[in-house]
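In case you want the letters, here they are:
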Amino acid sequence: MWCSRLLSYPLSQGPCSSYRTRTALAQLNHVLEAELESIRGAGTWKSERVITSKQGPHIHVEGSRGEILNFCANNYLGLSSHPEVMRSGLEALEKFGAGLSSVRFICGTQHIHKNLEEKISRFHQREDAILYASCFDANAGIFEALLTPEDAVLSDELNHASIIDGIRLCKANKYRYKHMDMQDLEAKLQDAQKHRLRLVATDGAFSMDGDIAPLKEICSLAQKYQALVFIDECHATGFLGPNGRGTDELLGVMDQVDIVNSTLGKALGGAAGGYTTGPKALIDLLRQRSRPYLFSNSLPPAVVGCASKALDLLMESNAIAQSMVAKTRRFRSKMAAAGFSISGNDHPICPVMLGEARLASVMADDMLERGIYVIGFSYPVVPKGKARIRVQISAVHSEDDIDRCVEAFTEVGRKHGALP
Ligand code: PLP
């Protein structure tokens, strides 16, 4: 392990570069091992189960026998392996190649990118839209491009990590209001009146609790204090609201929400990609200033093809979006009748509240043994003492799938004392 040149190397010149590198690496390993051990020790180590089939309600998982019922994907509408969505991706791949080897403004824009942006803005009834490699990128890019030290951003304390990171990158004055607490938001808006622009930023639907932001109240406060409203619709686009347009449609405030960020990686085909849709001037500015847009590769054609078809299907009919409402209700009401407490309201994210981290983890393992794939969430992802198993319902789950899931929960819950 020692540098072979070390013996003949004059110490006055300092250690040779290879020796220095090895010592630095040994030191790094030491630091990393301690960090990894602390994650293991805290019981928050995340291991990855390996799926050996397409994403869907029925999957195969390495190490488990037979078909597994999947209740933890964001595949809300079952479009991740929808035949028409896949065919559209394949056609785009064949016609437009694997990728662009370029960012959008150099030589990375094909007409399919422009068409998808037009489709997204039409779907959300906004003026324009801009694509990103992910919604994480859309959130990373927007705040810094839009807000200056003269402005203020007011953010729900439980907003998604990517909104928090995006806000960290911007130089605006930052206010964090208590989760969905309109009194606190109003107090912060009053304080923020001294700034030029005010932007209220919230998840439309919160992914850990399945609760829905009170957008009506947020929009009326925004009107009162002349603030802009931004929503992240990753857990709403495609299925909330009568036509699946999202939380703003569900709550009747489509004309009052100014900016929508969302993902193509969940309900809209599940491949990848994200976007911002809103006023044309804002989208024009993002194309000039947004760093994840300017400095990252264009969306690959296959991904564009899949998302584009997913939007076509949703714009043709609201049947898919609506089909999951009844299924969500079935799961929530049967679980409540069995004695479980499910957080959130009418959202396909159905967190089965268990309290103890160990309980959530052993119950999730036992569910897998019964052929049901669910995941336990505990601190630091959710507050201490609020561990849960997050179940996500998809439009392609059958009633029988849902009933099997409830039965397995009931058995496992009784076994571990979560139910009497
Ligand atoms: N915002 C929310 C609320 C999310 O849940 C996620 C994904 O988990 C993202 C943003 C990031 O989306 P993407 O996977 O497109 O980067």
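Residues numbered from 1 in each chain as written. Predicted model: local features only at pLDDT ≥ 70, side-chain atom pairs only at ≥ 80, totals over all residues. Heavy atoms only, no water.

(A) Main features of the pairing of strand β5 (residues 173-177). Both strand β4 (residues 152-156) and β5 contribute to a ladder of five bridges, which runs parallel. Bridge pairing links S155 to R176 in β5. (Pairing = 2+ DSSP bridges. Helix = DSSP H or I, 4+ residues; strand = E, 2+ residues; numbered from the N terminus.)

(B) Molecular detail of the sheet that holds β5. Taken in spatial order, the seven strands line up as β3-β9-β8-β7-β6-β4-β5 in an open sheet, and their pairing is mixed. Strand pairing shows two members of the sheet lacking a second neighbour, β3 (128-132) and β5, which therefore form its edges. Neighbour-to-neighbour, the strand axes of the sheet open up by a mean angle of 20°, direction not taken into account. As paired elements, strand β8 (residues 259-263) and strand β9 (residues 274-278) share four bridges and run antiparallel to each other. If you follow N261 over to β9, its bridge partner there is T276. In this fold helix α5 (residues 135-146) packs onto β3, β4, β6 (198-203), β7 (228-232), β8 and β9, with an angle of close to 155° to the strand it touches most, β8. (Axes fitted to C-alpha atoms, helices over the stretch in contact; angles between N-to-C directions. Contact = heavy atoms within 4.5 Å.)

(C) Seen up close, the nonpolar core. Grouped together as the largest cluster of nonpolar side chains are 31 residues, with contacts concentrated most on L77, L116, I120, L131, F239, L264 and L268. Counting only elements with at least two residues in this core, the list comes to α4 (111-124), β3 and α12 (301-316). By residue number, the principal contributor to this core is α12, which donates eight residues. Inspection of this core shows a minimum of three residues originating in each of domain 1 (46-75 + 318-416) and domain 2 (83-316). Filtering out sequence-adjacent residues up to four positions away, L131 remains in contact with R104, H113, L116, E117, I120, L264, G274, Y275, Y293 and L299. (Core = buried A, V, L, I, M, F, W, Y, C linked by side-chain atoms within 4.5 Å. Buried < 20%, exposed > 50% of the residue type's maximum accessible area, 1.4 Å probe, protein only. Domains from an automatic or database assignment.)

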